[in-house]
Amino acid sequence: MTTATGAFEAVTRRRSVAKVTAAAPDDDEVLRLLSAAGTVADHAALQPWRVIALRGDARARLGDALADAAGLVGDERAALSAKPLRAPLLLAVAARRREHPKVPGWEQDAAAAGVAHTLSLLLDEAGWGVIWRTGPHIRSAPVAAVHHLAADEHLLGWLYVGGVPEGASRVRRRPIDAAAVFTTLA
């Protein structure tokens, strides 16, 4: 059996891009890529996710919410508040748990994480710089309020998205030892 070259190369080539330019995909491009990402395995087709775009001032409101959640003041507050401004577009990925007799919450979270990862691969393949960020205050009340999360939703993180700076290198990660994490049961 041969490997599907396109998918294999996209996965092995993808690298997080921490510093991006001010360019960003528009909503139409994000929707096109999200439509493809939404084809991940999803038991009972619940679509247990929501993606929320933060641009402009919404990023600053997120920064303030993060600082509020951390209880910071002064320079520490300013530093944390500025973090969401490092990319022109943040795509918040929320897992949306629904009651279902055959699909437990953890499985719904896994489907939402699959959408986030697949979306990051598709953004990378489209030429955008992407990094998935989380943090200790991701599940705080101030952060949930900024995103207008419903009671059955919780954040999995943000995809920080922007242009790839000219000359940016894609540092190769240390290869994993697949044999060390693979077991066959007989």
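Data block above holds the structure.
Procedures and definitions
Here the residue numbering is sequential within each chain, running from 1 through the sequence in written order. Two thresholds apply to this predicted model, a pLDDT of at least 70 for residue-level local features and 80 or more for giving and counting side-chain atom pairs, whereas whole-chain, interface and lining totals are computed over all residues. Working from all heavy atoms in the structure, the side-chain values ignore hydrogens and water. Under the scheme used here, helices are H or I runs from DSSP no shorter than 4 residues and strands are E runs no shorter than 2 residues, and both carry numbers assigned from the N terminus. Expected helix span is computed as 1.5 Å times (number of residues minus one). Interaxial angle, 0 to 180 degrees, is taken between N-to-C directions of lines fitted to C-alpha atoms, where a helix line uses only the stretch in contact. Throughout, the term roughly parallel applies to angles under 35 degrees, roughly antiparallel to angles over 145, roughly perpendicular to angles from 65 to 115, and oblique to all others. Left-handed is the label given to a crossing in which the near helix is rotated counterclockwise from the far helix by less than a right angle, and right-handed is the label when the rotation is clockwise. Here, residues are in contact when the closest pair of their heavy atoms is within 4.5 Å. Paired strands, in this sense, are two strands between which DSSP finds at least two bridges. Points on a 1 Å grid, built from protein atoms alone, make a cavity when a 1.4 Å probe fits but cannot get out and make a pocket when they are open with protein on both sides within 12 Å along at least 5 of 7 lines; residues with an atom within 4 Å of a point are the lining residues. Grid points are joined across faces, edges and corners, and a volume is the space filled by probe spheres set on the points. For this scheme, ten residues count as nonpolar: Ala, Val, Leu, Ile, Met, Phe, Trp, Tyr, Cys and Pro. Four count as charged, namely Asp, Glu, Lys and Arg, and the remainder, Gly too, count as polar.

Engineer: Please provide a residue-by-residue account of helix α5 (residues 105–125), values included.
Structural biologist: Here α5 contains 21 residues, and its C-alpha end-to-end distance of 30 Å stays within 8% of the 30 Å for a straight helix at 1.5 Å per residue. Downstream of α5 by a residue or two, G127 has a phi angle that is positive, lying close to 100 degrees.

Engineer: Lay out the packing of helix α2 (residues 27–37) against α5 in plain terms, naming residues and giving numbers.
Structural biologist: Across the interface, α2 lies against α5 with an axial gap of 9 Å and an inter-helix angle of 130 degrees. Considering the angle they form, α2 stands oblique to α5. For the pair α2 and α5, the crossing hand works out as right-handed. Between α2 and α5, the contacting residues are L33, L34, A36 and A37 on the first element and V115, T118, L119, L122 and L123 on the second.

Engineer: Describe the sheet that holds strand β4 (residues 153–163), and please don't skip the residues or the numbers.
Structural biologist: One open sheet holds the four strands; their spatial order is β1-β2-β4-β3, and the pairing between them is antiparallel. Each end of this open sheet is capped by a strand with a single partner; those strands are β1 (49–54) and β3 (128–133). Going across the sheet, the axis of each strand differs from the next one's by a mean of 25 degrees, ignoring polarity. In this fold helix α3 (residues 57–70) packs onto β1, β2 (89–96) and β4, with an angle of close to 110 degrees to the strand it touches most, β1.

Engineer: Quick one: what's the story with the layout of surface pockets, residue by residue and with numbers?
Structural biologist: The volume enclosed by the largest pocket comes to roughly 230 Å³. Forming the boundary of the largest pocket are 11 residues, of which V11, T12, R15, R173 and R174 lie nearest the centre. If you list the elements that add at least two residues to the lining of the largest pocket, you get α1 (5–13) and α5. Volume-wise, the second largest pocket comes out at about 170 Å³. Around the second largest pocket, the lining residues are L66, L80, K83, R86, R133, T134, G135, P136, H137, W158 and Y160. Grouping the amino acids of the lining of the second largest pocket by side-chain chemistry returns five nonpolar, three polar and three charged.

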